[in-house]
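# Examination of the molecular architecture
Given next are the chains, with one letter for each unit.
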Amino acid sequence: MSEQITFTIDGVEIKDKAGQTIMQAADEAGIYIPRLCRHPDLPPRGSCRVCTVFVNGKPQAACTQPIAEGMTVENDTPELKESRRNIIDMLFIEGNHFCMFCEKSGNCELQALAYRLGILSPKYPYFFPKKDVDSTHPDIFLDLNRCILCGRCVEASRDVDHKGVFEFVGRGIEKKIAVNAEADLKDTDFAATDKAADVCPVGAINKKRTAFSTPIGKRLYDTKPIGSEIEERKK
Amino acid sequence: MSENLQSEIKAICQGSGNDRTKMMDIVRAVQEKFGQVSSEAMDIIAKFVNCHRVEVEGIVSFYTFLSKNPKGKVIIRLCNDVVDKMAGVGAVADAFKKELSIDFGQTTTDGKITLEYTPCIGMCDQAPAALINDEVITYLSTDKVKEIVADIKKHYDPSKLKHRLGDGNNADELVHSCVHNGLRKKGPVIFADYKSKAGLKNALAVSPVEIINVVKAARLRGRGGAGFPTGMKWQFTRAAVGEKKFILCNADEGEPGTFKDRVILTERADMLFEGMAIGGYAIGAQAGILYLRGEYAYLIKLLEKILKDRRYKNLLGKDILGKKGFNFDITIQMGAGAYICGEETALISSCEGLRGDPKTRPPFPVQKGYLGYPTAVNNVETLCCATRILEMGAAWFAETGSKGSPGTKLLSVSGDCKQPGVYELPFGIKVKDLLKEVGAEDAQAVLVGGPSGQIIGPNDYNRTICYDDLATGGAVIVFGSERDMVEIATEYMEFFVEENCGYCTPCRVGNVLLKKHLDKILAGKGEPQDLDALQELGESIKTTSRCGLGQTSPNPVLTTLKNFRQSYEKKVKKSPDGMQPTFDIRKALADAEKIANRQSVMFTK
């Protein structure tokens, strides 16, 4: 797979090797395509749809779509920005997210992306669903109020930790994360050292007694917007 | 109980070779045996097939015919699809509630009968209808409900229910169903007389590549609705590298208003299995799977018998019809109540014993499908067309229909029309001619292609049914002048809210939002800007959703907004003070007032 492919993103010509996804190629070229469910160490799922781009006029998820010779990718357009805002809004209103007292604030990818896209408050009405909290585990607590169903913990626990602690249950708007036990996380073999404990983009999987080890103001997205680490690669 | 559970489940799992990919068969068997797949059962299944218990829970919670909580020995599933509602299912529902003294979603106190609603069961032409376990009961009325409940309470065995028998194979002892075929018009392709074996014989006389060329020359396109050229699909599957290959038949027609495959499966299963064998030979597959929707379980004995007959006649099995080295057989995979499994990659997931989530494309099924092998997924009707093309020739097939859409199309017509049923008509028929044929010339609206299709009004009745204009998997639902199109659109959004898999954000959340907007409009609280919001949200869901469900689910809203805008405009009004009328503070405070046991003081002008 060393075949060289040339294509454009928003008119910028990019060269990369065949087999790469649009997102991988864009990242290397220092072009940021907003994303949420994608984690660099895990296979892409294409579930949040934030990274939707137009490929030759057709919408595709940049995290799963392979690059092809001569393709035209549109990324930074007003329509896509609006669609991405809609998706972020949807994730906020389908859960119960309270940034002001969430220990993940400042390190949260959902919050950071909302700021980057200029969202001040969601335009849709809140669902205020009833969600479970599980604090039975000695080192970890789960708060499904803040889960965005990205699936990172499912993949990490299954494919990296080989434990299968998490899985989706239910479908549609009732879909949620469940643990590999009758009810409680304490009855699984989950450990704070698991990969799955480190991949949550929001405040759904939290390590106990670590919440404020980095003070507010010095956190990942407190000083620079999400995605700048990619844009800094641009020469 | 527990030891019994252990040994029974052990036997069930062993019967499926303790194979994780046979999970659908395992959980269906456990559900049938114990009326539930309990928490304990999940642990036992996980142990025997060597998977995590939460995976079993993920599957059980995905399919509506499976449940963690106990259900009655008899489960009455009343279809509450739009067409059934139009046919008066409300009174029937009340009668069931009264006779059983329970509400929907409940089980009688003796634990014997459960009452539920279910979306379209493929009986719209004989609505209202219900499933009682695997039995189908059609043309329900309040009187009939009384009889059924009294009958059931005698034996609690739905197979002993007394009912008249339907026509054709519905009266066969293996089916023994009151379902009517409702076959109103036979066309030259599917329902004409045909010679079993002739197509397969012709196929085996030539090379696989030649078969693909014949199907290409006939310009056969997929009958499920998307219209992908079948010859090309077979060519891609044949060309793909894989140790094994598979041909899957999608018999999961779940689009509300679709019931044409029901009639094929009842009367033309032989033609279908022949088409699968021809396709298997063309792509180089040794195995085919018929994915049958759970609602059509009443047909399985007949289908198994036809497969057995074909094996006996050497039309399946080893060295078929003497063709050395061509070994091919077909198995049936039952679904368990999930509309999304009609999406081809979700269907593959389900066959693999997974949650019915669609898969990421690329890779496409023709490259990496069932268990990672190249797979062709074809619609029931498409495969029947292939059989006929091989029997009669490509030129014969292309004689019927229109240029871009050769052949006939089975249309399942229901709703406000005099003759609901299945019509085999040449492609290219005008909507107005179809309406004349079915006795619905004064229709206010027609839904072509089911809710994921388009709802059109009289201005569009000169349009034609074909791939290049109004494409359809077969569902045609007619709405008379008294129907409220905003209500209809809302009903269909409810369907998509219930039936989406929840994998991607826009479809999972967006459809709920569309439904909430419509509810607000129906409640008389809508404002003109709500219509713009519906439009914008609907388009955004279509653009960003991952699979065909979300890419089409806003259609009931978007097409009625376009074609029946006055119905919406009549319902919305500008707020006189520019304030949103959505929030009623009195109501919001009611609960708190009750707890505090005192009225809140409000300061108004």
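In this convention, every chain numbers its residues from 1, walking through the sequence in written order. Labels follow written order: the first chain is A, the first ligand is 1, and so on. Residues qualify for local features only when their pLDDT is at least 70, as the model is predicted, and side-chain atom pairs are given and counted only at 80 or more; totals for whole chains, interfaces and linings, by contrast, use all residues. Values shown for side chains rest on all heavy atoms present in the structure; no hydrogens or waters enter the calculation.

### Here's the deal with helix H9 (residues 208-217) of chain B
Residues and elements named next belong to chain B.
- Remark: exposure states derive from per-residue accessible area (1.4 Å probe, protein chains only) relative to the maximum for the residue type, with buried under 20%, exposed over 50%, and partly exposed in between. The way it works is that DSSP assigns letters per residue, a run of H or I at least four long becomes a helix, a run of E at least two long becomes a strand, and they are numbered from the N terminus. Restricting attention to buried positions, one finds in H9 the residues Pro208, Ile211, Ile212 and Val215. Taken around the axis of H9, the buried residues stretch over an arc of 100 degrees, which confines them to a single face.
- It only takes one pair of heavy atoms within 4.5 Å for two residues to be counted as in contact. Buried residues in H9 make contact with helix H8 (198-204), helix H10 (230-239), helix H12 (269-283) and helix H15 (380-392).
- Phi turns positive, to about 55 degrees, at arginine 219, one or two residues after H9. To obtain the arc, one takes the directions from the helix axis to the C-beta atoms.

### Observations concerning the domain arrangement of chain A
All names here are of chain A.
- If you check the domain split of chain A, you get domain 1 (8-76) and domain 2 (86-219).
- With 15 residues of domain 1 at the contact, the number on the domain 2 side is 20 residues.
- Buried surface area refers to the total accessible area, computed with a probe of radius 1.4 Å, that the two partners give up upon joining, counted for both partners together. Taking both partners together, domain 1 and domain 2 bury about 1300 Å²; carbon and sulfur atoms supply 66% of that area.
- Taken as a group, Leu36, Leu42 and Arg45 account for 46% of the area that domain 1 buries against domain 2, more than any other trio of residues on that side.
- Criterion for a salt bridge: a side-chain nitrogen of Lys or Arg within 4 Å of a carboxyl oxygen of Asp or Glu. At the surface where domain 1 touches domain 2, the tally comes to two salt bridges. An automatic or database domain assignment is the source of the domain bounds shown.

### What about unusual backbone geometry?
- Backbone torsion omega between B:Arg361 and B:Pro362 reads -10 degrees, so that peptide bond is classified as cis.
- Here B:Pro362 is to be found in the loop between helix H14 (344-351) and strand S10 (375-379).
- The residue after B:Pro362, namely B:Pro363, is reached through a cis peptide bond having omega 0 degrees.
- Locating B:Pro363 in the fold gives a position in the loop between H14 and S10.
- Its identity is not glycine, yet A:Asn56 carries a phi of approximately 50 degrees, on the positive side.
- Along the chain, A:Asn56 turns up in the loop between strand S3 (52-55) and strand S4 (58-61).
- Positive phi, close to 55 degrees, is recorded for B:Leu371, a residue that is not glycine.
- Following the sequence through the fold, B:Leu371 ends up in the loop between H14 and S10.

### Considering the domain arrangement of chain B
- Domain parsing of chain B yields domain 1 (2-60), domain 2 (74-163), domain 3 (184-399) and domain 4 (408-479).
- The straight-line distance from the C-alpha centre of domain 1 of chain B to that of domain 2 of chain B is 29 Å.

### Observations regarding the side chain of B:Glu343
All names here are of chain B.
- Tracing the backbone shows glutamate 343 in the loop between strand S9 (329-334) and H14.
- Under the relative-accessibility criterion, glutamate 343 is labelled buried at 14%.
- Here glutamate 343 is in contact with Pro358, Arg361 and Cys547, once residues within four sequence places are set aside.

### Quick notes on the pairing of strand S11 (residues 408-415) of chain B
Residue and element names in this part refer to chain B.
- When you tally the buried positions in S11, you get seven out of eight residues, the bulk of the element.
- Paired strands, as defined in this entry, are two strands with at least two bridges between them according to DSSP. Across six bridges, the pairing between S11 and strand S12 (residues 421-426) is antiparallel. Paired with threonine 408 across the two strands is proline 426, which belongs to S12.
- In this structure, the hairpin formed by S11 and S12 is closed by a connection of five residues.
- Pairing of S11 with strand S17 (residues 475-479) involves four bridges; the strand directions are parallel. Each residue of the ladder has a partner; that of glycine 415, found in S17, is valine 478.

### Some details on the pairing of S4(A)
- Two elements, S3(A) and S4(A), share four bridges in a ladder whose sense is antiparallel. Within S4(A), the position partnered with A:Phe54 by the bridge is A:Pro59.

### With respect to the nonpolar core
- Counting residues in hydrophobic clusters, the biggest one holds 157 residues, and the most contacted among them are B:Ile45, B:Tyr63, B:Trp234, B:Phe273, B:Phe328, B:Phe479 and B:Tyr568.
- Of the residues forming this core, the biggest block, 10 residues, is contributed by H12(B).
- If sequence neighbours within four positions are ignored, B:Ile45 has contacts with B:Ile9, B:Cys13, B:Met23, B:Ile26, B:Val27, B:Val30, B:Val37 and B:Val56.
- Residues grouped as a nonpolar core are buried Ala, Val, Leu, Ile, Met, Phe, Trp, Tyr and Cys residues, joined through side-chain atoms within 4.5 Å. Among the nonpolar cores identified, the runner-up in size contains 45 residues, and A:Ala114, A:Cys150, A:Phe166 and A:Ile205 belong to it.

### Observations concerning the sheet that holds strand S2 (residues 12-17) of chain A
All names here are of chain A.
- Ordered by their spatial adjacency, five strands build an open sheet running S2-S1-S5-S3-S4, and the pairing between neighbours is mixed. Two strands bound the open sheet, and with one partner strand each, they are S2 and S4. Recorded for the sheet is a direction-independent mean angle of 35 degrees between the axes of neighbouring strands.
- As paired strands, strand S1 (residues 4-9) and S2 are joined by six bridges and run antiparallel to one another. Its bridge partner being in S2, isoleucine 9 is matched across the sheet by valine 12.
- Strands S3 and strand S5 (72-74) of the sheet are contacted by helix H2 (residues 78-94), whose axis makes an angle of about 150 degrees with S3. Every angle, taken between N-to-C directions, lies between 0 and 180 degrees, and every axis is a line fitted to C-alpha atoms, over only the stretch in contact when it is a helix.

### Observations regarding the pattern of salt bridges
- The full count for this structure, using the stated rule, is 60 salt bridges over all chains.
- As a salt-bridge pair, B:Arg483 and B:Asp416 come within 2.8 Å of each other at their nearest N and O atoms. A residue pair is termed long-range when its members are at least 10 positions apart, and B:Arg483 in the loop between S17 and helix H18 (485-499) and B:Asp416 in the loop between S11 and S12 qualify at 67 residues.
- Of the charged contacts in the structure, one is a salt bridge between B:Arg463 and B:Asp469, with a shortest N-O distance of 2.9 Å.
- It is possible to trace a salt-bridge network through shared partners that takes in A:Arg45, A:Glu155, A:Arg158 and A:Asp159.

### Digging into the interface of chain B and chain A
- Contacts between chain B and chain A engage 41 residues on the former and 43 residues on the latter.
- In terms of surface lost to chain A, no three residues of chain B exceed B:Val54, B:Tyr503 and B:Arg508, which account for 18% of the buried area on that side.
- Between A:Glu94 and B:Arg508 there is a salt bridge, and its shortest N-O distance comes to 2.6 Å.
- Pairs of N or O atoms are called polar contacts if they sit within 3.5 Å, as long as, within protein, a hydrogen donor faces a hydrogen acceptor (for residues adjacent in sequence, only side-chain-to-side-chain pairs). Scanning the region where chain B abuts chain A turns up 22 residue pairs in polar contact (both at pLDDT 80 or more).
- Elements supplying a minimum of two residues to the side of chain B that touches chain A: helix H4 (53-60), H18, helix H19 (505-522) and helix H20 (528-544) of chain B.
- Among the residues forming the side of chain B that touches chain A, the class breakdown is 14 nonpolar, 15 polar and 12 charged. Only Asp, Glu, Lys and Arg are considered charged, only Ala, Val, Leu, Ile, Met, Phe, Trp, Tyr, Cys and Pro nonpolar, and every remaining residue, Gly among them, polar.

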